[in-house]
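# Per-entry structural report
Listed below are the residues making up each chain.
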Amino acid sequence: MDTSHYWSSRPLSELTGSEHHWLFLPGALTPRLKAMGDYSIEVVEQSHGPLNPEEAQALNVPANTIGWVREVVMKLDGEACVTARSLTSVPALNGDWADLNGYGRRPLAEILYTSEQTLREPFQCALLSPGAPLAALSYRFAPQAKRLLARRSRFTRNGSALLVSECFLPAFWARVEYAQALKSA
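An account of the accompanying structure is given in this report. Please read all numbers here as calculations on a predicted model, not as lab measurements.

## Concerning the pattern of salt bridges
Counted by the stated rule, this structure contains 11 salt bridges. The salt bridge partner of Arg 175 is Glu 79, with a shortest N-O separation of 3.8 Å. Remark: Glu 79 occurs in strand 3 (residues 79-89) and Arg 175 occurs in helix 7 (residues 170-184); sequence separation between them is 96 residues. Owing to a relative accessible area of 39%, Glu 79 belongs among the partly exposed residues under this scheme. Across the pair Arg 106 and Glu 110 runs a salt bridge whose closest N-O atoms are separated by 3.1 Å.

See the structure below:
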C-alpha cells in the first residue's frame, strides 16, 4: 500500500523506533527543540487563501473555504530542522482563534498549551508526497530530502478547529542520530 501523504493515527510500518518516538511524542515540540540547541523560529508566510480539499476536510469546513495559513521553519543552531504549517478558517480566526491575528514569531505552543479551552486531538503521521503543501514548504529548506515524515494534530476551541502540521527535516534526524550515538558510546 502506498502510504504517501496518507495521514494515519497509527504508526506507519516503516518507522524506526526513534521516528515513532518523535512523531507521537505528546505535548509541545518547542521545549524539546530548545533542549537540543539554540532554537529560533522564522515565519515564512502568514496569509489568507483557499484551503485545499484535504485541509478543509481535516478542519470540518467546506472545500475552498478561505483560511488563515501560517508557515514557519524552526531552526537549531541556525540549521532548518522542522517546518510547520498551521491553518484555520477565517471565521474561526475572527472568533475562537482571534489571538492568532498578528501572532508573529512566537511559537504557537505559547497559546495552545496555556488555555484550558484548547483541546488537542491525537497525533496523526504521514510520509509526505511531493505535492502536499507541507512538503512544498519543507523542500525549500531541505531540497535533497528523500523522505519527509510529518505529524499533525487538530486543536479545538468551542468547536472551532486549528490544524497544526510539523515536518521533521533530515537535519533534525541527523541530530537525533548523533545524540543517540553519543549515548551509546
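## A short note on the environment of His 48
Of note, His 48 is situated in strand 1 (residues 39-50). Since its relative accessible area comes to 49%, His 48 is described here as partly exposed. His 48 sits 39 residues away from Ser 9 along the chain, and the two C-alpha atoms are 28 Å apart. Ignoring anything within four residues of it in the chain, the contact list for His 48 reads Ile 66, Gly 67, Trp 68, Val 90 and Leu 93.

## Thoughts on the packing of aromatic side chains
Under the defined criterion, the tally for this structure stands at 5 aromatic pairs. Ring geometry for Tyr 113 and Phe 155: centres 6.1 Å apart, planes at 90°, overall edge-to-face. You can see Tyr 113 sitting in the loop between helix 5 (109-112) and strand 4 (119-120) and its partner Phe 155 sitting in strand 6 (residues 149-157), a full 42 residues away along the chain. Judged by relative accessible area, which is 37%, Tyr 113 ranks as partly exposed. Residue Phe 155 is classed as buried on the basis of its relative accessible area of 1%. Relative to Trp 173, the ring of Phe 168 has its centre 5.5 Å away and its plane inclined at 45°; by these criteria the two rings are tilted. Put simply, the rings of Trp 22, Phe 168, Phe 172 and Trp 173 touch in pairs and so form one group of aromatic residues.

## Points about the environment of Gly 95
Locating Gly 95 in the fold gives a position in the loop between helix 4 (90-93) and helix 5. Sequence-wise, Gly 95 and Ser 160 are 65 residues apart; in three dimensions their C-alpha atoms are separated by 8.4 Å.

What counts and how
Residues numbered from 1 in each chain as written. Predicted model: local features only at pLDDT ≥ 70, side-chain atom pairs only at ≥ 80, totals over all residues. Heavy atoms only, no water. Salt bridge = Lys/Arg side-chain N within 4 Å of Asp/Glu carboxyl O. Helix = DSSP H or I, 4+ residues; strand = E, 2+ residues; numbered from the N terminus. Buried < 20%, exposed > 50% of the residue type's maximum accessible area, 1.4 Å probe, protein only. Contact = heavy atoms within 4.5 Å. Phe/Tyr/Trp six-rings, centres within 6.5 Å; stacked < 30°, edge-to-face > 60°.

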